[in-house]
Amino acid sequence: MMANRRLAWGLLLPALLWTLTFFAAPLVIMGMYSLWQRVGMKLVQTWTTHNYQQFASKSFLLESLVNSLEVTATVTVISILLAYPLAYILAERVPARWQRLALVMAILPFWTSYVVRSYSWLLVLSEGGILSNFLMDIGLIAEPMSFANNRGATVVGFVHFFVMLLTLTIYASLVQLPPSYRKAAADLGAGPIRSFIHVVLPLTLPGVMVGAFLTFVLCIGDYITPQILGGNQELLLPQTIMMQISRRSDFPMASALAMILMAVVSLAYLACARWLKLDRL
Amino acid sequence: MSIAQTSSSFCCARMALRSAGALSLLILSAPGLATEELNALVWCDHTDPALIEPFEQEHDVRVNLKEYEGTGNALAIVEQSQPGDWDVFVIDGVDVPRVAEAGLLAELPADALPLDDIFEPVQMRDVTFRDGKMYAIMEKFGYNVVAYNKAKVDPADMRDLGVLWTDKYKDQIAVYDYYIPLMDLVALKLGMKPSDISAETLPQIRDALFELKDNASMVGEVVSSTTALATGEADILLGGGEWAVAVLQAENPDLDWVLPDQGGLLWSQSLAVFETSTKKDLAIEFVKYIMSPEGQARLATSSCFWGVPANRKAGDLLTDAQKRALRWDEQTELLANSHRYFIPDAELDGQMLDVWSEFLQH
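Residues numbered from 1 in each chain as written. Chains lettered and ligands numbered in written order. Predicted model: local features only at pLDDT ≥ 70, side-chain atom pairs only at ≥ 80, totals over all residues.

Each helix and strand in chain A was counted, giving 12 helices and 2 strands. Counting from the amino terminus, helix and strand elements in chain A follow one another as α-β-β-α-α-α-α-α-α-α-α-α-α-α. If you line up chain A on its principal axes, its C-alpha atoms span 80 × 70 × 30 Å. Per-residue burial for chain A yields a buried fraction of 33% across its 281 residues. Residue pairs in contact within chain A that sit at least 24 positions apart in sequence constitute 72% of those at least 6 positions apart. (Helix = DSSP H or I, 4+ residues; strand = E, 2+ residues; numbered from the N terminus. Buried ≥ 20, exposed ≤ 12 C-beta atoms within 10 Å, placed from the backbone. Contact = placed C-beta atoms within 7 Å.)

Another aspect to go through is the domain arrangement of chain B. All names here are of chain B. For chain B, the domain assignment lists domain 1 (34–141 + 267–330) and domain 2 (143–266 + 340–361). Facing the 12 residues of domain 1 at the interface are 15 residues of domain 2. Mapped by element, the contributors of at least two residues to the side of domain 1 that touches domain 2 are β11 (264–273) and α13 (320–326). Class assignment for the residues of the side of domain 1 that touches domain 2 results in 8 nonpolar, 2 polar and 2 charged. (Domains from an automatic or database assignment. Nonpolar A, V, L, I, M, F, W, Y, C, P; charged D, E, K, R; others polar.)

A separate point is the interface of chain B and chain A. Between chain B and chain A, the residue contacts involve 22 residues of the former and 23 residues of the latter. Taken together, the elements giving at least two residues each to the side of chain B that touches chain A come down to α3 (71–79), β8 (216–220) and α15 (346–361) of chain B. Sorting elements by how many residues they give to the side of chain B that touches chain A places α15(B) first, with 7 residues. Partitioned by chemical class, the residues of the side of chain B that touches chain A number 8 nonpolar, 9 polar and 5 charged.

Here we come to α3(B). The complete set of buried residues in α3(B) reads B:G72, B:A74, B:L75 and B:V78. One face of α3(B) carries all of its buried residues, which in axial projection span an arc of 160 degrees. Each element contacted by the buried residues of α3(B) is listed here: α11 (237–246) of chain A together with β1 (36–42) and β3 (88–92) of chain B. (Arc of directions from axis to C-beta.)

This is the structure we're talking about:
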């Protein structure tokens, strides 16, 4: 019994050390920083909630959180709506021997650099870019138009990335679903739509939620895409965090904002875990 | 083995030998084998090999360059480094006083540097000297004014900052994302001097910035704002100047810049040595090289961005085309009509940054 326990601790130790060193300790340090204050060029190491008060009192800081939540929600919903049919077609309609190739093709854009992908979208969406030229060619617009440097461009850049991620998690759920479930539903008189709504969708929902949660976490913390595609027409929370460092060297304020971001992500996780029983996965 | 195979193998062997020879030459000539190393925190214009390699070869030293944008980023890097990690610092002229006051900079030997050869308005001794000691030297300068595409806008309009606040060029304007020169330009548009910016005048600046944002298609840092001008995403770059268009003019001669009638903003970058450097002598040799006419000419026409060399003697080494792009012969007039960056105290600086954040969020 004792030997088993030691073995269990021994096996657990590397993961525990890893988590303590690269997650818990940095988080504690960041929490401490967030309770210090930058005054001029000096770091004042006395406990204060000044940075959190600033967050609550300065409208542009609060707005950056609201913007982040709005963009993230939009991206997550659009990505799910696009990814589910794609994953469904891959799992149900594409012949088994072609599925692997189709999956590789679906995730191919993952293999390019994130920054390169964002700049590529800038070329597609900018004035005189591929989209503008196409719309002119088909007569929908008379003069070159820009679709870049706004929230829509940021959402497009995000969705392109996260549809791939969601497709993978939803596809994994779909292929795990035994075909006998749908046959049983059909035997009981359910048509394809009813069978999908009452059998397939509920059973693949955990896969959807895992993908949605990953999308939420990665999207709300992303700095590159809004910076390149958003044209600074509005600020998202990660951009505001970067501004504290690059313009003010204000690590305490940046830490406070990062802690707020962390709290939002934690709340999202708790919501997913509570209502959708992620532990079943 | 067939003849073809033999020939192919021989060819491959020859190629391998040639590659090995080339590789060994590369290794031997690589500065990695240099006897000393110098670590420099720099702007991107210092990363041009054409600028750095002559110094490395002359002094048998490897210069490790860390590129940054924004003094805040540089100070964050310094804070996370050990004392002595960094030797040379390229820093925005406007930030020299606060960095020197924080004790980060070493005294420079004023008598060993060509201070008198620097354009007089750019010497800025009140910024680079503290208590009679010199802590930095201005190495390059230029203007934050109005850059534009003359095929898309009327150049005569660009002489008046006020036109950017009208509907005439709505959604054709990119704004350079740097709060100090941009707020200074807004002050000029409002009929103030940059030094008139205060807590009392800040609301006026804020309102004017919000109006400007309504006309702007984007606000971007160096890369994205110049990209916008190059790709046609924007036809006007407020805050742009020679630094934004000189490199692009070869590809698009329609790109130009102008100092508006209200005046322009003079940007300057300076060179300093870290107080904690353990290689101060070598670092000062680097400063001397950059400030020499040869170093200045190379720095002025760096592949990253162009700017006017602070040392007038560099003019002898610039080609006529380079001088034209930099408006070398107009410098006296341009300098006379330009204002230096307003340097706010820490409290006002914080307020200005808040207003700028509101502007971005607007």
